[in-house]
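# Per-entry structural report
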Amino acid sequence: MAKQNQNGRIIAIVACIFLFGMISFVTNLAAPIGVIWKNYPEFNGSNTLGMMGNMMNFLAYLFMGIPAGLMLTKIGYKKTALIAIALGFLGVFTQFLSGQVLTGTSIFGLPGNFYVYLLGAFISGFSVCMLNTVVNPMLNQLGGGGNRGNQLNLIGGSFNSLMGTITPMLVGALIGTVTKNTAITDVNVVLYLAMAIFAATFFILLFVPIDNPKQMDSNTVYEHSPFAFRHFTFGVIAIFVYVGVEVGLPGTINFYLSEPGANGAGLATLDPGLQAATIAGFAAGTYWFLMLIGRFLSSLIAAKVSSRAMMIAVNGVAMLLIIVAILMPKTVTGSMPVFTGSSFAVVKLPLSAILIVLCGLCTSVMWSCTFNLATEGLGKYTEKASGIFMMMVVGGGIVPLIQNGVVDATSNYMLSYIVPLVAVVYMFVYAAFLSKNVNKDIKVD
């Protein structure tokens, strides 16, 4: 019986880690596809409008965070995951339809099919929110909480980063060079692949036995809200800004490197003949690849190094990288291996962009460490806290939107990185001074 339980636990862990990858695959479609939309003539190169798909994807968290948590208690982890996967298929299919319906029409001055795309991104957001709600607390509990739970979340995050690496690279390779004639149909291959993955995952998970972790007694009395815990309250803000940093750093670099002219990185000037969108996609993909490396390496030491120590270290390094990137002229270049559209080669990129890409090593551990710090010692309040956390993932839509609004207002991409810099400073302060549980007198059993 013990062996059977152990096998069930391993299957559950593997399933959760695979679902971690699905979250990243869907989420990371938004920024590279946004490069296509922002270059439509009707958009006038607006970064803010180009980032709207990403915004809709994360806006869904605000509406689905708490309901997703309630679904876990009512129908369990497996059924919640199956519903999430079905919604993911529907969301990607709707994005595919945006290349087929309402093309050539105009609604409020924008292409009619753009609104279809936004609807698809919103539906996809419901899917990834529900998947996030499933895998994070489940992996944490399967690991026994504490540093071991954090270790499993980091391993799952590594697979998440692998899918995050592949997605912008694949989309960028399909786009090549963005022109006013580039359309979302140019990336249909990626959308077909996403739908196939969702369909396959649905049927595989349907036959995989996954036991639900122990649920709270329905008669449990909650004397307080999770917000009664100071470290959780400040942790909610930390998660909000963290997701914005994680998404905004590579998303804005993708826009910066793919944009022609003085406002962009001027890749054609640095190295004539390069396919800017392809290189931009691979640069963004490298950021996610570094997150993979960071999560994998940190998973090896997470059982011995505290979440607080990790957060202080990585946020300190991230602050330095972003500050130097903001101050460095784009005429200062460095070399980076990327796919150029025809082959792999080492090309020159603004060194400031490379420094932002390197931040992937820092952001790799921030989610799991913040989740761990903010929910430590919550006991019976953990489930409610997880639902609130999922709502705050909306920061992944709002913070990058603000950052790209700064780009549109100033025509200066690097200056916009002041927005994630402020967020990183806050996370450093949270880890160093605000993450300690000072409400240990509250009964959590």
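Model, not experiment: these values are computed from the prediction.

Bringing the overall build of the protein into the picture now. Across its full length, the protein holds 17 helices and four strands. Counting the 445 residues in the protein, one finds 59% classified as buried. Intrachain contacts of the protein at a sequence separation of at least 6 include 83% that bridge at least 24 residues.

Before going further, it helps to examine the pattern of salt bridges. Oppositely charged side chains may form a pair once their charged atoms are brought near each other. As enumerated under the stated definition, the model contains two salt bridges in all. Two residues, lysine 38 and glutamate 259, come together in a salt bridge whose shortest N-O distance is 3.0 Å. Here glutamate 259 lies in the loop between helix 8 (230-258) and helix 9 (267-270) and lysine 38 lies in helix 2 (residues 30-38), a separation of 221 residues in the sequence. As far as burial versus exposure is concerned, lysine 38 and glutamate 259 are alike and both buried.

Turning our eyes to something else, we now look at the packing of aromatic side chains. Scanning all chains against the criterion turns up 22 aromatic pairs. Measuring from centroid to centroid gives 6.2 Å for phenylalanine 114 and tyrosine 115, while their planes differ by 65°, and the two rings are edge-to-face. Given the relative accessible area of 2%, phenylalanine 114 is considered buried. By way of ring pairs, the aromatic residues Trp37, Tyr40, Phe43, Phe114, Tyr115 and Tyr117 are connected into one cluster. The ring centre of phenylalanine 255 lies 5.5 Å from the NZ or CZ of lysine 38, which sits over that ring.

Before going further, it helps to examine unusual backbone geometry. A positive phi is found at leucine 102, a non-glycine position, where the angle reads about 60°. Secondary-structure assignment places leucine 102 in the loop between helix 4 (52-97) and strand 1 (106-107).

Counting residues in hydrophobic clusters, the biggest one holds 138 residues, and the most contacted among them are Phe232, Ile322 and Met427. With 16 residues, the single largest contributor to this core is helix 4. Contacts of phenylalanine 232, omitting those with residues within four sequence positions, involve Pro226, Phe227, Ala374, Leu378, Ala385, Ile388 and Phe389.

Note on placement: asparagine 254 falls in helix 8. Relative accessible area serves as the criterion here: at 3%, asparagine 254 is assigned to the buried category. Sequence spacing of asparagine 254 and alanine 280 is 26 residues, and the spatial spacing of their C-alpha atoms is 4.9 Å. Look past the residues within four positions of asparagine 254 in its chain and what remains in contact with it is Pro32, Val35, Ala280, Gly281 and Ala284.

A word on the environment of leucine 205. Mapping leucine 205 onto the fold places it in helix 7 (residues 188-206). By relative accessible area, leucine 205 is classed as buried at 5%. Taking the C-alpha atoms as reference, leucine 205 lies 7.8 Å from lysine 78; in sequence the two are 127 residues apart.

Another point: the confidence of the model for the protein. On average, residues of the protein score 83 in pLDDT, and 86% of them reach the 70 mark or higher. At the level of individual helices and strands, the protein shows its lowest average pLDDT in helix 9, which scores 58, and its highest in helix 17 (residues 418-434), which scores 97.

So, about helix 11 (residues 307-327). Counted at 1.5 Å a residue, the expected span for helix 11 with its 21 residues is 30 Å, and the 30 Å between its end C-alpha atoms agrees. Residues Ser307, Met310, Met311, Val314, Asn315, Gly316, Ala318, Met319, Leu321, Ile322, Ala325 and Ile326 constitute the buried set of helix 11.

Moving on: a nonpolar patch on the surface. Nonpolar side chains collect at one region of the surface, where Val101, Leu102, Ile107 and Phe108 lie side by side and expose about 400 Å² of accessible area between them. Tracing the backbone through its elements, the reader meets phenylalanine 108 in the loop between strand 1 and strand 2 (110-111).

Moving on: the environment of methionine 169. Relative to the elements of secondary structure, methionine 169 occurs in helix 6 (residues 146-175). Apart from residues lying up to four places away in sequence, methionine 169 is in contact with Gly281, Phe282, Gly285 and Thr286.

A few words on the side chain of threonine 94. Along the chain, the position of threonine 94 falls in helix 4. The exposure class of threonine 94 is buried, given its relative accessible area of 7%. At 2.8 Å, the side chain of threonine 94 and the backbone oxygen of leucine 90 are in polar contact. Residue contacts for threonine 94: discarding those within four places in its chain leaves Val116, Leu119, Gly120 and Ile123.

Because each turn of an α-helix spans 3.6 residues, side chains separated by three or four positions in sequence point in the same direction. Here helix 4 is 46 residues long, yet its end C-alpha atoms lie only 17 Å apart, well below the 68 Å a rise of 1.5 Å per residue gives. If you look at helix 4, its biggest bend is around 115°, right at isoleucine 75.

What counts as what
- Residues numbered from 1 in each chain as written.
- Predicted model: local features only at pLDDT ≥ 70, side-chain atom pairs only at ≥ 80, totals over all residues.
- Heavy atoms only, no water.
- Helix = DSSP H or I, 4+ residues; strand = E, 2+ residues; numbered from the N terminus.
- Buried < 20%, exposed > 50% of the residue type's maximum accessible area, 1.4 Å probe, protein only.
- Contact = heavy atoms within 4.5 Å.
- Salt bridge = Lys/Arg side-chain N within 4 Å of Asp/Glu carboxyl O.
- Phe/Tyr/Trp six-rings, centres within 6.5 Å; stacked < 30°, edge-to-face > 60°.
- Lys NZ or Arg CZ within 6 Å of the ring centre and 35° of its normal.
- Core = buried A, V, L, I, M, F, W, Y, C linked by side-chain atoms within 4.5 Å.
- pLDDT = per-residue confidence, 0-100.
- Expected span 1.5 Å × (residues − 1).
- Patch = residues over 30% accessible without salt bridge, like charges linked within 9 Å, V, L, I, M, F, W, Y side chains within 5 Å.
- Areas by Shrake-Rupley, 256 points an atom, 1.4 Å probe, with all protein chains shown as cover.
- Polar contact = N/O pair within 3.5 Å; in protein donor to acceptor, adjacent residues only side chain to side chain.
- Bend = angle between axes of the 7 residues up to and from the residue.

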